[in-house]
Amino acid sequence: ALGRAVQIYAHERAVALLAHHPRPDDDSTMLSAAGLPDRCALLAIARENGIVITACQTGLATTGMTIDDLAPGVDAGGLMGVLATLDPPNLVVF
């Protein structure tokens, strides 16, 4: 929709949103009832549309998660690595 490359970088505790397993705070039932995709489905849709998703390495450490806990296609990395690859330099950090 934007006509350019998009990256998502989840910082610190936000990496928990990139987990491949259901979370206690997921609103899957409510979203499904409204005909909307849940968190896991949104991650899959993003990946299918070529969006690069990166989880903060420090965030993985502080949440006790590992790369194996992340949804398929999500990479671990640092903010400096993301900043180095931005073209054009637009960034939204969670």
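Below is a short write-up of the structure. Computed from a prediction, not measured in an experiment: that's the story for all the values here.

### What to know about unusual backbone geometry
Line of reasoning, step 1. The phi angle at glutamate 12 is positive, at roughly 45°, despite the residue not being glycine.
Line of reasoning, step 2. Its location among the elements puts glutamate 12 in the loop between strand E1 (7-10) and helix H1 (28-33).

### Let's talk about the layout of surface pockets
Line of reasoning, step 1. Considering only enclosed or pocket space, the largest pocket measures out at about 290 Å³ in volume.
Line of reasoning, step 2. Along its surface, the largest pocket is lined by 15 residues, and Ile8, Leu17, Leu18, Arg39 and Leu43 are the ones closest to its centre.
Line of reasoning, step 3. Elements that contribute at least two residues to the lining of the largest pocket include exactly E1, H1 and helix H2 (39-48).
Line of reasoning, step 4. Counting residues per element, the lining of the largest pocket draws most heavily on H2, at four residues.
Line of reasoning, step 5. For the lining of the largest pocket, the residue count by class is ten nonpolar, one polar and four charged.

### Quick word on the nonpolar core
Line of reasoning, step 1. Within the largest apolar cluster, 19 residues are counted, with the highest numbers of intra-cluster contacts made by Val15, Leu18, Ile53, Ala55, Met65, Leu70 and Val74.
Line of reasoning, step 2. Contributions of two or more residues to this core are made by E1, H2 and strand E2 (52-56).
Line of reasoning, step 3. Here the element with the most residues in this core is E2; it accounts for three residues.

### Comments concerning the sheet that holds E2
As a general point, the strands of a sheet are linked pairwise by backbone hydrogen bonds and lie either parallel or antiparallel.
Line of reasoning, step 1. Taken together, the three strands give an open sheet; going across it, the order is E1-E2-E3, and neighbouring strands pair in parallel fashion. Two strands lie at the open edges of the sheet, namely E1 and strand E3 (74-77), each paired on one side alone. Each strand axis lies, on average, 30° off the axis of its neighbour in the sheet, ignoring direction.
Line of reasoning, step 2. Examined bridge by bridge, E1 and E2 share four bridges and lie parallel to one another. Pairing of isoleucine 8 across the sheet is with isoleucine 53, part of E2.

So, how was this worked out
- Residues numbered from 1 in each chain as written.
- Predicted model: local features only at pLDDT ≥ 70, side-chain atom pairs only at ≥ 80, totals over all residues.
- Heavy atoms only, no water.
- Helix = DSSP H or I, 4+ residues; strand = E, 2+ residues; numbered from the N terminus.
- 1 Å grid on protein atoms, 1.4 Å probe; cavity = no way out; pocket = protein on both sides within 12 Å on 5 of 7 lines; lining within 4 Å.
- Points joined across faces, edges and corners; volume = space filled by probe spheres on them.
- Nonpolar A, V, L, I, M, F, W, Y, C, P; charged D, E, K, R; others polar.
- Core = buried A, V, L, I, M, F, W, Y, C linked by side-chain atoms within 4.5 Å.
- Buried < 20%, exposed > 50% of the residue type's maximum accessible area, 1.4 Å probe, protein only.
- Pairing = 2+ DSSP bridges.
- Axes fitted to C-alpha atoms, helices over the stretch in contact; angles between N-to-C directions.

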